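Reading the structure
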Amino acid sequence: MSKYIATLITILLVTINAFTQNEDIIKRMTKIEALISKNKVEKATKKLNNLLNDYSRYGEGWDLLSKIKYQEYLNREQYSFEFGGNITVEVEGEGNDEENEKMAQDLAAMLNGFSPAKIAYQDYIYTLRTATLMTDNAYHSSILLRSEKVVINVDSNVTDEAYAFYKQGELAFRNQNYHEAAEFYQKAIDKQPDYYKARLYLGDAYYFKKDYVKAIQKFNLAKEEFPYMLEPRKYLVDAYYKEGLYDKSLQEAIETFTIYPDASMKIKLRDIAAIKGKKVAIKWTQRQCFPNKIIKKGEFDYTTEADEIKGWEAYKTAKEKVKEYCDTKGIISKNNITRTKYLEVYSWEELLKNNKSSELDEARKMQEMGYLDCYVFITCFHQDIYEQYQDFASNNKDKIIRYFNTFMK
């Protein structure tokens, strides 16, 4: 059995363990397992796609499909080769203007950049985008999409001496010698105080030692030093929880959404609230199309051009009304059409005005209470609107915290 097929079977078995008790899903996934075990991955993928057409909110199924697509990409990358490379696109006719020439050059550059691996990668990204569009519980897909799209440059100038201590800490950590790991991470920090990973994993070493008080201290230091990073806050939520400081854990969990609306944090927030005898009374709404995006003139975004999900016409046509006032992030400048700053919020406003479906009742309630912006950027977040979310969150941290506290019942 090839390593590729063995990996897929492992993925599948993990997914099966997380199954809902839906008999139809179990029956169909059993057939998918049999196909994968026989190296019939293409047929298995087709059946999985059919299943997801019937159960579009089935997060574990989407996570499986995302992992299969990732394995296909790795398989292509291993044997990748560039084809073409010397393609030129000529503009026929007389009087060709500069714009047409530029578009021809862009098209040639795009075609020369194609390869089986790149095509497989775009298919993988499209699957992640679709998974997180269709359901709010495709947690693995959400993590993968964030890792691909949110790249924050830290630790780019680490000294050799600090890195050597860090590597020793990593080795000790892998060997479960957490006391020694903490010592090496601290030495790395002493050599380079702005060493992000060393600060983060120093807290992790104390966490695995079950010294949660010390872990809390170290994670807080990492949070203060790197306030724009999500992981110190996520780990701090866990450390507070382990120490039995549920109020602090709950509030810290809420504050993570001012940095990034992580899908897994929604589950943690729910679980911590349950310990307090509460629940987050906010219902997620499934989107019927991908978020509106502003594409630069002459730029070909084939992850968007390939979108085939149709629906929410009022939402989609909203872009045409304000796109001349939008920058490429989707932030709207001053105009006579709307006071709304964000294309995403304006698109939802137009949707709610023109679509009376009961599926939008939760969004309507949020609009009436003045929280439509929080609802679309936090609860109904999609990676395509990340830059708008960033701008909104940086200017509305208090409102985001108030949003969760308002609906914590």
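Summary of the structure given here. (Residues numbered from 1 in each chain as written. Predicted model: local features only at pLDDT ≥ 70, side-chain atom pairs only at ≥ 80, totals over all residues. Heavy atoms only, no water.)

**Side note on the overall build of the protein chain**
Helix and strand counts for the protein chain stand at 21 helices and 0 strands. Relative to its 409 residues, the protein chain shows a buried fraction of 47%. Summed over its atoms, the accessible surface of the protein chain is roughly 21700 Å², and 48% of this surface lies on carbon and sulfur atoms. (Helix = DSSP H or I, 4+ residues; strand = E, 2+ residues; numbered from the N terminus. Buried < 20%, exposed > 50% of the residue type's maximum accessible area, 1.4 Å probe, protein only. Areas by Shrake-Rupley, 256 points an atom, 1.4 Å probe, with all protein chains shown as cover.)

**Re empty space enclosed by the protein**
Applying the stated rule across the entire model yields 1 cavity of 30 Å³ or more. Estimates place the volume of the largest cavity at around 200 Å³. As for the largest cavity, its lining consists of 17 residues, of which T132, S142, A263, K266 and F381 are closest to the centre. Contributions of two or more residues to the lining of the largest cavity are made by α7 (139–149) and α14 (263–275). Among the elements that line the lining of the largest cavity, the one with the most residues is α7, at 3 residues. Residues of the lining of the largest cavity, tallied by class, amount to 8 nonpolar, 7 polar and 2 charged. (1 Å grid on protein atoms, 1.4 Å probe; cavity = no way out; pocket = protein on both sides within 12 Å on 5 of 7 lines; lining within 4 Å. Points joined across faces, edges and corners; volume = space filled by probe spheres on them. Nonpolar A, V, L, I, M, F, W, Y, C, P; charged D, E, K, R; others polar.)

**Side note on the pattern of salt bridges**
One pass over the full model with this rule turns up 21 salt bridges. In this structure, K223 and E252 form a salt bridge, with 3.0 Å as the shortest nitrogen-oxygen distance. Here the residue K223 occupies a position in helix α11 (residues 212–225), and E252 occupies one in helix α13 (residues 246–255), the gap between them amounting to 29 residues. Since its relative accessible area comes to 16%, K223 is described here as buried. With its nearest N and O atoms 3.8 Å apart, the salt bridge here joins E255 to K223. Placement of E255 in helix α13 and of K223 in helix α11 is noted, with a sequence separation of 32 residues between them. Taking relative accessible area as the criterion, E255 reaches 23% and is therefore assigned partly exposed. Overlapping salt bridges bring together D24, R28 and D54 as one network. (Salt bridge = Lys/Arg side-chain N within 4 Å of Asp/Glu carboxyl O.)

**Overview of helix α3 (residues 41–54)**
Look at α3: 20 Å from first C-alpha to last across 14 residues, which is about the 20 Å you get at 1.5 Å a residue. For α3, the set of buried residues is V41, A44, T45, L48, L51 and L52. The arc that holds every buried residue of α3, seen down its axis, measures 120°, which confines them to one face. Residues of α3 that are exposed and point more than 90 degrees away from the buried face comprise E42, K43, K46, N53 and D54. (Expected span 1.5 Å × (residues − 1). Arc of directions from axis to C-beta.)

**Examining a positive patch on the surface**
Where like charges cluster on the molecular surface, the positive patch consists of K27, K31, K38, K40, K43, K46 and K47. Sorting the residues of the positive patch by element identifies α2 (23–37) and α3 as the ones contributing at least two each. Secondary-structure assignment places K40 in the loop between α2 and α3. By relative accessible area, K40 is classed as partly exposed at 38%. (Patch = residues over 30% accessible without salt bridge, like charges linked within 9 Å, V, L, I, M, F, W, Y side chains within 5 Å. Lys, Arg positive; Asp, Glu negative; His and termini not counted. Charge placed at Lys NZ, Arg CZ, Asp CG, Glu CD.)

**Some words on the side chain of T256**
Looking at the secondary structure, you find T256 in the loop between α13 and α14. Setting aside chain neighbours within four positions, we find T256 in contact with L230, R233, K234, V237 and M265. (Contact = heavy atoms within 4.5 Å.)

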